[in-house]
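Residue-level listing of the chains:
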Amino acid sequence: MRKVALLLLSVSLLTAACVAGGENVVSAGPDETAVTTMPPVTTTIAGETPGTTGPTSTTTTTLAAQPTGTVTAQSLFRPWGTVNGLTMFRGNPTRTFFGTGPVPQTAPERMWRYPDSAMSGESPVGNQPKVWSGTGWTGQPLVHELDDGTAELIFGAYDKQIHFLDADTGETLRPAYDMGDIIKGTVTLDPDGYPLLYAGSRDPRFRILALDGDEVREVWSLHAKAVEGMWNDDWDSNPVVIDDILYVGGENSWWFAIKLNRAYDADGMVTVDPEIVYQMPAWTDDLFDLLGRQHSVENSTAVFDDKAYFATSGGRVVGVDVSDVENGNAEVFFDFWMGDDIDSTITIDAEGYLYVVAHADHEKNNNTAARRVRDVGQLVKLDTSIPVGDPLTSLDPIVWSVEIPAARGQDTGVWATPALHPSGLLFVPTDSGNLLAIDTTSGLVVWEDEVGVNAWSSPAIVDDALVIAVDCFTEEPGLRAYDLTDPLSPVEMWQQPIGTRGCVESTPAVWGGNIFVGSRDGFMYAFGS
């Protein structure tokens, strides 16, 4: 790809007002309104870029057979595997499938709320006890169709349980499974039809659970202290399964490739015989010297072609060649430093470009990180075919970058995972409360709207509609839908309050046009026509 001199283009966002508050933000008080003029979002373009980024329509038809261990461009915007469902965070290995429609054209009704009393659990922060309620970040439910036609909803919650519900009624289908500590992330259902669930929590064990008995049972676990890690023992990352290999990162600052060896025994019960075929620390000596111990993997591995990608809370973006991983051979071929914390999952387009976002952390107290963030920005499009050189200083792989400034009492950057639209637009909610539509060819912000601060929930795009959580710290947090018939000019269709003041940090799942989402108020909700 040709590189030319950098061209700076600025697009100013509109002034907006919102209510800030809650434990994760600077409070303006329950009856005060913090009014802030948004600083300009700046796009830096590094030369010419390709035109389109993907197919022009979304489909949920069965994907043609893929080469073993490989994710092709044809998998974008489609479900992964043989299961009829949404089986992982963002639906497939490129993190670009969000469910099935049609999304209601008018405000949907609440179908049910689960359970009768709030899902809550105590889990300390440092040495201080804390009670957590509902579902959090990323917290996307899974939905899949059982053999009898029932749609099963599966999700982990802050009551430390994985729940299994009838998606239509909210009634329990299986006994809940106790994970030992609160569950923040999204669990994964085996995409190839094996009755297996892959899940982590703040408990130090990553678990494989079998679903083919009267009760859910553990068949294997990986303790965070199985390796000499750092940071902590949580498992927030959503695992991805490609054929028989599972990829997952831990907050112990290690990344794993695990051969599952799935099978059935003589009685027809599912079995696994996992083997860790590759593992690597998520940090480098240089980053450890610069940042200390903070190198956890909280985002979820994305895969394209025979390459796997993950990022760290130290701001490291890593590409691993996994073409021969089954034999224990893998190699880091891409290594780039964003400068700040990356919790959002990498999104990949049909040409293999990466879209990566970071949020403010290290830049607050580390001058080297702050300088790097000024150079790189908070959102980048990366070309992994370009040699990086020195990961701590190189800007060569950047196709374009976008600066997402602090505003409304919030820090710079993004916690949510961007949603890629087939037209080539990238929809990005910012921590400071705006939903941006960015042209992935030019990197320019072509549209924006206010969605409220603390926008950690990732948007879902289904057919010609986008669903997103809004107004986190206001009297009426809820969901909003936009008509994307013309994706350059989204039109708000409806907004539906949750009914309480509970912020929606979790990502919604859309299945058959029904919308499922958990809230920090302690409950899981279903909305539909």
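Draft legend 1. Local environment of the overall build of the chain. Helix and strand counts for the chain stand at two helices and 41 strands. Counting only contacts in the chain whose residues sit at least 6 apart along the sequence, the fraction spanning at least 24 positions is 57%. About 18700 Å² of surface is accessible on the chain, with carbon and sulfur atoms providing 47% of the total.

Draft legend 2. Inspection of the sheet that holds strand E34 (residues 445-450) at higher detail. Read from one edge to the other, the open sheet built from four strands follows the order E31-E32-E33-E34, with strand pairing classed as antiparallel. Each edge of the open sheet is held by one strand with a lone partner, namely strand E31 (419-420) and E34. Pairing of strand E32 (residues 425-429) with strand E33 (residues 434-439), which is carried by five bridges, proceeds in the antiparallel orientation. In the sheet register, Leu426 faces E33, and the bridge partner there is Ile438.

Draft legend 3. Just the side chain of Glu298, in detail. Counting through the fold element by element, Glu298 comes out in the loop between helix H1 (285-291) and strand E23 (302-304). One buried charged residue, Glu298, forms no salt bridge at all, with the nearest opposite charge on Lys184 at 4.9 Å. A polar contact is formed between the side chain of Glu298 and the side chain of Ser296, at a distance of 3.3 Å. For Glu298, the contacting residues outside a window of four places in its chain are Trp137, Asp236, Ser237, Glu251 and Asp343.

Draft legend 4. Inspection of the packing of aromatic side chains at higher detail. With the rule as written, the count across this model stands at 18 aromatic pairs. Look at Trp112 and Phe516: their rings are 6.2 Å apart centre to centre, the planes differ by 35°, and that puts the pair in the tilted class. One end of the pair, Trp112, is in strand E6 (residues 109-114); the other, Phe516, is in strand E40 (residues 514-518), with 404 residues separating them in the sequence. When the centroid spacing of 5.6 Å and the interplanar angle of 10° are considered together, the rings of Tyr247 and Trp255 count as stacked. When its relative accessible area of 3% is taken as the criterion, Tyr247 is described as buried. Linked through ring pairs, Tyr247, Trp255, Tyr278 and Phe310 together constitute an aromatic cluster. Seen from the ring of Trp132, Lys130 lies directly overhead, with NZ or CZ sitting 4.0 Å from the centre. Stacked on the ring of Phe336, the Lys or Arg Arg372 has its end atom at 5.0 Å from the ring centre.

Draft legend 5. Representation of the sheet that holds strand E19 (residues 254-259) in the model. Taken in spatial order, the four strands make up an open sheet running E17-E18-E19-E22, and their pairing is antiparallel. The open sheet terminates on both sides in strands that have one partner only, identified here as strand E17 (240-242) and strand E22 (275-281). Neighbour-to-neighbour, the strand axes of the sheet open up by a mean angle of 20°, direction not taken into account. Bridge analysis of strand E18 (residues 245-249) against E19 gives five bridges, and the strand direction is antiparallel. For Tyr247, the partnering residue across the bridge sits in E19 and is Ala257.

Draft legend 6. Geometry of the state of the cysteines. Summed over all chains, the structure comprises one disulfide. There is a disulfide in this structure between Cys472 and Cys503, and the S-S distance comes to 1.7 Å. With the S-S bond torsion at -105°, the cross-link from Cys472 to Cys503 turns out left-handed. Taken together, the residues Cys472 in the loop between strand E36 (465-470) and strand E37 (478-483) and Cys503 in the loop between strand E38 (491-497) and strand E39 (509-511) connect sequence positions 31 residues apart. As far as the burial class goes, Cys472 and Cys503 line up, both buried.

Draft legend 7. Local environment of the nonpolar core. Val317, Phe336, Met338, Ile346, Val356, Leu379 and Leu382 are the most contacted members of the largest nonpolar core, which has 39 residues in total. Mapped onto this core, the elements with two or more residues apiece are E23, strand E24 (307-311), strand E26 (329-337), strand E28 (354-357), strand E29 (379-382), strand E30 (398-403), E32 and E33. Excluding residues that lie within four positions of it along the chain, Leu379 makes contacts with Val356, Val357, Trp400, Ser401, Val402, Ile404, Leu426, Val428 and Ile438. Membership of the second largest hydrophobic core comes to 33 residues, among which are Leu466, Val467, Ala469 and Tyr482.

Draft legend 8. Up close: a negative patch on the surface. On the surface, Asp285, Asp286, Asp289 and Asp390 cluster together into a negatively charged patch. Note on placement: Asp286 falls in helix H1.

Draft legend 9. Representation of the pattern of salt bridges. Taken as a whole and assessed by the stated rule, the structure comprises 19 salt bridges. Where Asp306 meets Lys307, a salt bridge forms, and the shortest distance between an N and an O atom there is 2.8 Å. Linked by salt bridges that have partners in common, Asp190, Asp192, Asp244, Lys259, Arg262 and Glu326 make up one network.

Scoring rules and cut-offs
Residues numbered from 1 in each chain as written. Predicted model: local features only at pLDDT ≥ 70, side-chain atom pairs only at ≥ 80, totals over all residues. Heavy atoms only, no water. Helix = DSSP H or I, 4+ residues; strand = E, 2+ residues; numbered from the N terminus. Contact = heavy atoms within 4.5 Å. Areas by Shrake-Rupley, 256 points an atom, 1.4 Å probe, with all protein chains shown as cover. Pairing = 2+ DSSP bridges. Buried < 20%, exposed > 50% of the residue type's maximum accessible area, 1.4 Å probe, protein only. Lys, Arg positive; Asp, Glu negative; His and termini not counted. Salt bridge = Lys/Arg side-chain N within 4 Å of Asp/Glu carboxyl O. Polar contact = N/O pair within 3.5 Å; in protein donor to acceptor, adjacent residues only side chain to side chain. Phe/Tyr/Trp six-rings, centres within 6.5 Å; stacked < 30°, edge-to-face > 60°. Lys NZ or Arg CZ within 6 Å of the ring centre and 35° of its normal. Axes fitted to C-alpha atoms, helices over the stretch in contact; angles between N-to-C directions. Disulfide = S-S within 2.5 Å. Core = buried A, V, L, I, M, F, W, Y, C linked by side-chain atoms within 4.5 Å. Patch = residues over 30% accessible without salt bridge, like charges linked within 9 Å, V, L, I, M, F, W, Y side chains within 5 Å. Charge placed at Lys NZ, Arg CZ, Asp CG, Glu CD.

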